[in-house]
Amino acid sequence: MENNINIYMQEPDGSVTEHVAPTDMGLSLMEFLKASEYDILATCGGMALCATCCVDVLEGEEKLNEMTDDEYAMLDTLPDLLPNSRLACQLQLNNNMDGLKVKLHGVS
């Protein structure tokens, strides 16, 4: 199906779960992960104001849109920021993201 992509989520135990995500519904990665019952607070509702939806991109970082100044400023407030950290609310699902692999930030 051309309107679906595979997103891979590294679980806290190190295993990887594959999810099929729709790209034609205007969802962000944060909305998709919340709908998939991941423990994401997203207290600001996806406005890049809280960093509670932070993910670490393990594979496919080159497939993502450029980080905005707002996203960078919010990520910069995290004490344990990694070079591959992104706000899931700022990543609109699209066909280019097929094969993206992430894990929730701060979850070892």
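In this text, all values refer to a predicted model and were calculated from it rather than measured experimentally.

*Asks:* Teacher, can you tell me more about the overall build of the protein chain here?
*Replies:* Counting its secondary structure elements, the protein chain contains two helices and five strands. Going from N to C terminus, the protein chain has its helices and strands arranged as β-β-α-β-α-β-β. Its C-alpha atoms give the protein chain a radius of gyration of 13 Å, within 12% of the compact-globule value 13 Å for 108 residues. In terms of principal-axis extent, the alpha carbons of the protein chain reach across some 40 × 30 × 25 Å. Out of the 108 residues in the protein chain, the part that is buried amounts to 42%. For the protein chain, the exposed area adds up to about 6,000 Å²; of that, 49% sits on carbon and sulfur atoms. Computed over 5 positive and 19 negative side-chain charges, the inter-centroid distance for the protein chain is 3 Å.

*Asks:* Please explain the pairing of strand β1 (residues 4-10) as it appears in this structure.
*Replies:* Along any regular strand the residues' side chains alternate between the sheet's two faces. Alternating residues of β1 divide into I5, I7 and M9, all buried, and N4, N6, Y8 and Q10, none buried. Note: β1 against strand β2 (residues 16-22), seven bridges, orientation antiparallel. Counterpart to M9 in the pairing with β2 is T17. As paired strands, β1 and strand β5 (residues 100-104) are joined by three bridges and run parallel to one another.

*Asks:* What is the right way to read the sheet that holds strand β4 (residues 85-87) from this model?
*Replies:* An order of β2-β1-β5-β3-β4 is seen for the five strands of this open sheet, with the pairing classed as mixed. Of all the strands in the sheet, the pair left with one neighbour each is β2 and β4. The average undirected angle you get between the axes of adjacent strands in this sheet is 40°. Here strand β3 (residues 54-59) runs beside β4; their pairing, made up of three bridges, is antiparallel. Bridging across to β4, V55 finds its partner in R86.

*Asks:* Got a minute to help me understand the side chain of N84 in this structure?
*Replies:* Turning to its location among the elements, N84 is positioned in the loop between α2 (69-75) and β4. Take N84: its relative accessible area is 17%, and that puts it in the buried class. At 2.7 Å, the side chain of N84 forms a polar contact with the backbone oxygen of V57. Other than its neighbours up to four places away in sequence, N84 contacts V55, D56, V57, L58 and E61.

*Asks:* Hey, could you run me through the pattern of salt bridges in this one?
*Replies:* It is possible for side chains of opposite charge to pair when their charged atoms get near one another. By the definition in use, this model includes three salt bridges. For E71, the salt bridge identified is with R86, shortest N-O distance 2.8 Å. With E71 in helix α2 and R86 in strand β4, this pair connects stretches of sequence that are 15 residues apart. Pair check on accessibility: E71 and R86 agree, each one buried.

Calculation notes
Residues numbered from 1 in each chain as written. Predicted model: local features only at pLDDT ≥ 70, side-chain atom pairs only at ≥ 80, totals over all residues. Heavy atoms only, no water. Helix = DSSP H or I, 4+ residues; strand = E, 2+ residues; numbered from the N terminus. Rg over C-alpha atoms; globule rule 2.2 N^0.38 Å. Buried < 20%, exposed > 50% of the residue type's maximum accessible area, 1.4 Å probe, protein only. Areas by Shrake-Rupley, 256 points an atom, 1.4 Å probe, with all protein chains shown as cover. Lys, Arg positive; Asp, Glu negative; His and termini not counted. Charge placed at Lys NZ, Arg CZ, Asp CG, Glu CD. Pairing = 2+ DSSP bridges. Axes fitted to C-alpha atoms, helices over the stretch in contact; angles between N-to-C directions. Polar contact = N/O pair within 3.5 Å; in protein donor to acceptor, adjacent residues only side chain to side chain. Contact = heavy atoms within 4.5 Å. Salt bridge = Lys/Arg side-chain N within 4 Å of Asp/Glu carboxyl O.

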